[in-house]
Amino acid sequence: GPEDLLGYYNPVERSYQATPFLVALQDAARQPDVPHFICLDEMNLARVEHYFSDWLACSESRRYQPDGTISQQPIPLHRHAEAKTSFMGRDGQSATDISVPNALAIPTNLIVTGTVNIDETTFGFSPKVLDRSMVIEFNDVDLDGMRHGATATEQHNYRFPESLSPFRLATTETFQALPLETHDHLVAINRVMETAQLHFGYRSAAEISLFMQIYHSILPEDVEDTAMLKALDGALLQKVLPRIQGNRARLEETLCTLLWYLRDLSMPGSNQDIRTIRCEDTASARLPKSYRRGFEMLERLRGFGFVTFFK
């Protein structure tokens, strides 16, 4: 529950039982110009929707104000005017007295990531969580590198910034700033997803557009990629494909149509049988990463009768 993440007020001891997560939040709030990072290891051993509910609700309440500042609904912590807690330091010996407010806004300089495993001991993710996150898979294994010593990955002309860019909210204006061609691709893909009731909403569309703008600025410069297709490919892989889950009767036609579009960036003709699509050389696909991942899902759907994005 939320108290496991953020702590709770103990009426017997008349003090607040804080957690390392809450202390990290307060540290980030005291240093607004310094990026802070939290990693929740094995975060789906419990249901994310249960313990992360307050965080999800408050983070989506963020709005730009006329003066450019960001307002948001704070996370409620307790009902007292003030509460104290004694938190053990990192050395495991010295304790520090900390004042805990009755509510705390999520600092915009705090970035939360989580590691997940998908097996019988863990829980899946609801559309609510997937709509508010980006999914990154780590599946490649280099056993030769393990034996002979892996070398650092080359940057391949990626334009990594010297420092992290300031926090930005995904807004309607962010989506409107996309090139018209990119907008049309997102509209077409969402219509395909809608046939299986898996289409994304306004929040996801805005977040996709913000991700694409930032990712496009980091990718190796390509003057011909005016439609930001490489960034679109990454966004679909991290934000749209994870929404796909269901049985063959519900998904096969939708997934085949989606793959057709990912390959050609155009819809199949009325006289073309979309179920005959085959996994060809992914390098020829217009959106190769999403196309390759989508075909893996289609093969599992046809082989087992059911599929999710998560392996």
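One can find the structure itself at the top, above this paragraph.
Because the structure is predicted, anything quoted here is derived from the model rather than measured. (Residues numbered from 1 in each chain as written. Predicted model: local features only at pLDDT ≥ 70, side-chain atom pairs only at ≥ 80, totals over all residues. Heavy atoms only, no water.)

(A) Representation of the overall build of the protein. When helices and strands are tallied, the protein shows 12 helices and 12 strands. Dimensions along the principal axes, computed over C-alpha positions, put the protein at roughly 75 × 50 × 45 Å. Averaging the positions of the 30 positive and the 41 negative side-chain charges in the protein gives two centres separated by 4 Å. (Helix = DSSP H or I, 4+ residues; strand = E, 2+ residues; numbered from the N terminus. Lys, Arg positive; Asp, Glu negative; His and termini not counted. Charge placed at Lys NZ, Arg CZ, Asp CG, Glu CD.)

(B) Main features of unusual backbone geometry. Positive phi, normally seen in glycine, also occurs at Arg 14, with a value near 55 degrees. As for its placement among the helices and strands, Arg 14 is situated in the loop between strand S1 (8-10) and strand S2 (15-17). You will see that Leu 265, though not glycine, has its phi angle at about 60 degrees, which is positive. Topologically, Leu 265 is positioned in the loop between helix H11 (248-264) and helix H12 (288-304).

(C) Broad picture of a nonpolar patch on the surface. There is a patch of nonpolar side chains on the surface, built from Phe 37, Ile 111 and Leu 164 and spanning about 320 Å² of accessible area. Within the element layout of this structure, Phe 37 appears in strand S3 (residues 36-40). (Patch = residues over 30% accessible without salt bridge, like charges linked within 9 Å, V, L, I, M, F, W, Y side chains within 5 Å. Areas by Shrake-Rupley, 256 points an atom, 1.4 Å probe, with all protein chains shown as cover. Salt bridge = Lys/Arg side-chain N within 4 Å of Asp/Glu carboxyl O.)

(D) Highlighting the packing of helix H9 (residues 202-218) against helix H10 (residues 229-240). Close contact between H9 and H10 brings their axes to 9 Å; oriented N to C, the two are set at 135 degrees. Classed by the angle they form, the pair H9 and H10 counts as oblique. H10 is crossed by H9, and the crossing has right-handed handedness. For the pair formed by H9 and H10, the contact residues are Ser 204, Glu 207, Ile 208, Phe 211, Met 212, Tyr 215 and His 216 on the first element and Lys 230, Ala 231, Leu 232, Gly 234, Ala 235, Gln 238, Lys 239 and Val 240 on the second. Here the residues of the contact of H9 with H10 sort into eight nonpolar, four polar and three charged. (Axes fitted to C-alpha atoms, helices over the stretch in contact; angles between N-to-C directions. Parallel < 35°, antiparallel > 145°, perpendicular 65-115°, else oblique. Left-handed = near helix turned anticlockwise from the far one by under 90°. Contact = heavy atoms within 4.5 Å. Nonpolar A, V, L, I, M, F, W, Y, C, P; charged D, E, K, R; others polar.)

Limitation: the analysis is restricted to geometry and does not speak to function.
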